[in-house]
Amino acid sequence: MKIACTGRSRALGARIAEHLGAGLVETRTSRFPDGEIYLQTGPLDETTIVVGSLLSSDSLVELLLLIDACHRSEVRLVIPYLGYARQDREFKPGEPVSARAMARALSRGVSRVLTVNVHKESVLSHFSVPAAQVNLAPEVGEYIGTLGLSDPLILAPDEGAVPFATAVASRGGWEWDHLEKTRISGDEVRIEPRKAGPWTGEAVLVDDIISTGGTLAAAARMLLAQGAKGVHAVCVHGLFAGKALSLLRSAGIREIAASDTIEGSESRYSAAGPIAKALFP
Ligand code: R5P
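Residues numbered from 1 in each chain as written. Predicted model: local features only at pLDDT ≥ 70, side-chain atom pairs only at ≥ 80, totals over all residues. Heavy atoms only, no water.

**Student:** Go over the state of the cysteines, please, and point to the residues and values.
**Tutor:** One pass over the structure, following the stated rule, counts zero disulfides. Of all cysteine sulfurs, the one in Cys5 lies closest to Cys70, which takes part in no disulfide; the gap is 10 Å. Under the relative-accessibility criterion, Cys70 is labelled buried at 0%. (Disulfide = S-S within 2.5 Å. Buried < 20%, exposed > 50% of the residue type's maximum accessible area, 1.4 Å probe, protein only.)

Rendered as structure tokens:
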């Protein structure tokens, strides 16, 4: 068995390989003169674990090419970050169910799929091969434990993130709560003050994704205005689109952390162990 990774999932792929004691498939990519991606892999084993996050159109194409290049082995696909999963239904007539489109395209040529904290579990049913996810809530809890905060409140920014926040909180026996969010536009949200009243201790906002940072910045501003001692933010998938990081910092968030499903400067904990365990329980 070997691990083959797309360019932007190399660090996580190497960590998964280390956990499994498996080798890495050498892969090189370049561009044709018209911009199309060229890819070539080195020798494969009978089974290949292909690892690639969906971060852009190019990363989708690279992943499709890598799966195809591995067609002589059994391919198990790991998609650490399943992009397009938030468009999980037709919100307005004429829209695609983007999550379904991705799942259908990525079911071909693979025997099973594993992803991490998919935005909604129902998305997994769009794959035509067995698909599962791992939940990094325990790892988020472990990470928060290393921050040395005294009795932090674990806060979900909206009701949808409650199962995640409760699982994180149970790791440290911390209190948890959720806020109410109204999305105004793609990068603007309104967060209502906490129903239970102001929180004057440390608060840790937890969410599956940070994209523009608008959600957690608005939540942090509200909490700090109400007297919170400090606000921290931990997510699974740190997209940090555009000026998200400076927005979060200027909102007063002290610690910003994400996993390595999207490799970046804020990757503070790894999904490799849980992925390796889920691949070979
Ligand atoms: C939405 O339901 C997700 O769980 C996140 O809260 C959302 O994707 C965060 O987006 P942003 O950082 O752009 O506010």
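Still to come is the rest of the account.
**Student:** Which residues make up the packing of aromatic side chains, and what values do they have?
**Tutor:** Following the criterion strictly, the structure yields two aromatic pairs and no others. With a centroid separation of 5.7 Å and an interplanar angle of 90 degrees, the aromatic rings of Phe32 and Tyr38 are classed as edge-to-face. The exposure class of Phe32 is partly exposed, given its relative accessible area of 39%. (Phe/Tyr/Trp six-rings, centres within 6.5 Å; stacked < 30°, edge-to-face > 60°.)

**Student:** Mind laying out the sheet that holds strand β16 (residues 267–269), listing which residues take part and the relevant values?
**Tutor:** Through backbone hydrogen bonds, the strands of a sheet pair up, either in parallel or in antiparallel fashion. In spatial order, the strands read β10-β9-β13-β14-β15-β16; together these six strands make up an open sheet with parallel pairing. A single partner strand is all that each edge strand has here, and the edge strands are β10 (175–178) and β16. Averaged over all neighbouring strand pairs, the angle between strand axes comes to 35 degrees, with direction disregarded. Bridge count for strand β13 (residues 202–210) against strand β14 (residues 230–238) is eight bridges, and the pairing is parallel. Among the inter-strand pairings, Val204 is bridged to a residue of β14, identified as His232. Packing of helix α4 (residues 137–145) onto the sheet brings it into contact with β9 (153–156), β13, β14, β15 (253–259) and β16, and relative to β16 it is tilted by some 95 degrees. Helix α5 (residues 162–172) rests against β9, β10, β13 and β14 of the sheet, and its axis sits at about 170 degrees to β10. (Pairing = 2+ DSSP bridges. Helix = DSSP H or I, 4+ residues; strand = E, 2+ residues; numbered from the N terminus. Axes fitted to C-alpha atoms, helices over the stretch in contact; angles between N-to-C directions. Contact = heavy atoms within 4.5 Å.)

**Student:** Could you give me a rundown of the pairing of strand β11 (residues 181–185), with the residues and numbers involved?
**Tutor:** Pairing analysis gives four bridges linking β11 to strand β12 (residues 188–191), with the strands arranged antiparallel. Directly across from Arg183, in β12, lies its bridge partner Val189. Connecting the antiparallel pair β11 and β12 is a turn made up of two residues.

**Student:** I'd like a description of the side chain of Ser98, backed by residues and values.
**Tutor:** Among the structural elements, Ser98 can be located in helix α3 (residues 98–105). Since its relative accessible area comes to 11%, Ser98 is described here as buried.

In short, shape yes, function no, at least from these values alone.
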